[in-house]
Amino acid sequence: MDHFNYRNGVLHAEDVPMSAIADAVGTPVYVYSRATLERHARVFREALGGIERKHIAFAIKANPNLAVLKVLARQGFGADIVSGGEMKRALAAGMPAKDIVFSGVGKTVTELREALEAGIGQFNIELEEEGAVLAQIAASLGKTADAVLRVNPDVDAGTHAKISTGKKENKFGVPIDEAPGIFARLSALPGLNLRGIAAHIGSQIFDLGPIEAAYSKLGDMVRDLRAAGHVIDRVDLGGGLGVPYERDKVPPSPADYGSMVERATRGWDVTLYFEPGRVIVGNAGVLLTRVIWVKPGAVRPFIIVDAAMNDLARPAMYDAWHDFEAVAPTGERMVANIAGPVCESGDTFGIGRDIDVVKAGDLAVFRTAGAYGATMASTYNSRPLVPEVMVDGDKFAVVADRVMPETLIAAERVPDFLRD
Ligand code: LLP
């Protein structure tokens, strides 16, 4: 459930009409609802109510906006980070360092050192060499790094190939059959406190079966590691729960996920870590856009909107679906293609879609754009970097500026050898 609803025929974010945001900030613009973020955080936590020892680390790659992180920090969420930049954001939003989990397959030595200095609560080690380097840096700083070993359970998450991470041919984690040996070698190193294991098999998952299969492999490994004399007190279960981009395709609910986790992890006697991203922020944001032209096409008309693939990359990258709705629908429908102004045929948001009738100048939204939306934006075609707004009841504020070409050009230099 979200807080983007029609009132008197006009789409509102909480109590604010979309048209008021477009008038004040212009388009395209991402619009987030604080109430929806809080609701999703609460629902996710409540779904895990039966789990006594847990830590929820929001995967901030899904939406790293400071205001969004602030809302989630107040809900008691920590952060799952994958870069030094994300660490800076999590800390700037007031998330305690001990609540931050550092994932990612290519952490640099500098990032590892800075994270150790900041006192990050958990490193998710992706390969043996990384663990050895981390141990060495920690020891040289007189510290001990709390860590878990990410295993690749070789399970097919049944999602889009580009966001599938748990099969053996993917780059993530250590092969499950090699994990016990790697665990034994790393846990002997001074500077490292290897406390358990982690897995994350993919994103936008609609079937709990593969997730449960992966968890069951983790359960077996916890038992085997303990039998080998290791102390295991943490297991990181990753993220991955899908959201409904299309109304008639409903993913498992957080409650379904929670009951599965309870069943799959019964008796593990560890603190469970979770790294949800999309399920927290996906439906808490829309991309507000204005129709520039309705261009006749050979087969059907093209609705050319002022948002493009540089603002919302998901359709171009993963053939992803985002519902398109007029802000003030007339009740009439049309079949059309929806595209942006960027000079690529891939800059298309939908082909042959049954949508509200819109005409040039009308406002519309792409729904479910709060996750992997603004964070993946670029300035391709020298378009401004898309701004972000947060709504709170009848108030709204710009939480990220529209970064204009002038600002981007000012960061570039013409070298001496090109001056005349
Ligand atoms: N933990 C790890 C280690 C991850 O790699 C990810 C996402 C998450 C947690 C959060 O997963 P979520 O709960 O959001 O599914 N840009 C793509 C999604 C990439 C996901 C990358 N990893 C998209 O727009 O669909």
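Above this text is the structure in question.
Note that the structure is predicted; figures quoted are calculated from it, not measured.

### Focus on the packing of helix α8 (residues 208-227) against helix α9 (residues 254-265)
Packed helices, taken two at a time, are described by the angle their axes make and the gap between the axes.
Thought 1: One way to put it is that α8 packs onto α9 with a least axis distance of 10 Å and a crossing angle of 25°. Our classification of the angle between α8 and α9 gives roughly parallel. The two elements α8 and α9 meet at a crossing, and its hand is right-handed. On the side of α8, the interface is formed by Leu208, Ile211, Glu212 and Tyr215, while α9 contributes Asp256, Tyr257, Met260, Val261, Arg263 and Ala264.
Thought 2: Of the residues contributing to the contact of α8 with α9, the split by class is seven nonpolar, no polar and three charged.

### Section: the environment of aspartate 323
Thought 1: Along the chain, the position of aspartate 323 falls in the loop between α11 (314-318) and β16 (324-326).
Thought 2: Judged by its relative accessible area of 15%, aspartate 323 is buried.
Thought 3: Spatially, the C-alpha atom of aspartate 323 lies 5.5 Å from that of phenylalanine 366, the residues being 43 residues apart in sequence.
Thought 4: Beyond its immediate chain neighbours, meaning those up to four positions away, aspartate 323 contacts Tyr245, Arg247, Arg353, Val365, Phe366 and Arg367.
Thought 5: A distance of 3.5 Å separates the side chain of aspartate 323 from the side chain of arginine 247, its partner in a polar contact.

### Notes on the pairing of strand β8 (residues 122-125)
Thought 1: Residues Gln122 and Asn124 line one face of β8 and the alternating positions Phe123 and Ile125 line the opposite face, and both faces are buried.
Thought 2: Two elements, strand β7 (residues 100-102) and β8, share two bridges in a ladder whose sense is parallel. Across the sheet, the residue bridging to phenylalanine 102 is phenylalanine 123, located in β8.
Thought 3: As a crossover connection, the stretch from β7 through helix α5 (residues 109-118) into β8 is right-handed.
Thought 4: Handedness of the crossover is the feature at issue here: the chain leaves β8, passes through helix α6 (residues 128-140), returns alongside strand β9 (residues 145-152), and the resulting connection is right-handed.

### Here's the deal with the side chain of threonine 165
Thought 1: With respect to the helices, strands and loops of the structure, threonine 165 is situated in the loop between β9 and β10 (174-175).
Thought 2: Given a relative accessible area of 11%, threonine 165 falls into the buried group.
Thought 3: Within polar-contact distance, the side chain of threonine 165 engages the backbone nitrogen of glycine 202 at 3.0 Å.
Thought 4: Beyond its immediate sequence surroundings of up to four residues, threonine 165 is in contact with Arg150, Asn152, Asn170, Phe172, His200, Ile201 and Gly202.

### With respect to the packing of aromatic side chains
Thought 1: Considering all chains together, one arrives at seven aromatic pairs under this definition.
Thought 2: With a centroid separation of 6.2 Å and an interplanar angle of 25°, the aromatic rings of phenylalanine 44 and tyrosine 257 are classed as stacked. A residue pair is termed long-range when its members are at least 10 positions apart, and phenylalanine 44 in helix α2 (residues 34-47) and tyrosine 257 in helix α9 qualify at 213 residues.
Thought 3: Under the relative-accessibility criterion, tyrosine 257 is labelled buried at 4%.

### Concerning unusual backbone geometry
Thought 1: The omega angle of the peptide bond from threonine 27 to proline 28 is -5°, so this bond is cis rather than trans.
Thought 2: In this fold, proline 28 is placed in the loop between α1 (18-25) and β4 (29-33).
Thought 3: Phi is positive for glutamate 14, which is not a glycine, with a value near 50°.
Thought 4: With respect to the helices, strands and loops of the structure, glutamate 14 is situated in the loop between β2 (10-13) and β3 (16-17).
Thought 5: Positioned with a positive phi, aspartate 154 is a non-glycine residue whose angle comes to about 55°.

Rules used in this analysis
Residues numbered from 1 in each chain as written. Predicted model: local features only at pLDDT ≥ 70, side-chain atom pairs only at ≥ 80, totals over all residues. Heavy atoms only, no water. Axes fitted to C-alpha atoms, helices over the stretch in contact; angles between N-to-C directions. Helix = DSSP H or I, 4+ residues; strand = E, 2+ residues; numbered from the N terminus. Parallel < 35°, antiparallel > 145°, perpendicular 65-115°, else oblique. Left-handed = near helix turned anticlockwise from the far one by under 90°. Contact = heavy atoms within 4.5 Å. Nonpolar A, V, L, I, M, F, W, Y, C, P; charged D, E, K, R; others polar. Buried < 20%, exposed > 50% of the residue type's maximum accessible area, 1.4 Å probe, protein only. Polar contact = N/O pair within 3.5 Å; in protein donor to acceptor, adjacent residues only side chain to side chain. Pairing = 2+ DSSP bridges. Right-handed = clockwise from strand over helix to strand, strands pointing away. Phe/Tyr/Trp six-rings, centres within 6.5 Å; stacked < 30°, edge-to-face > 60°.

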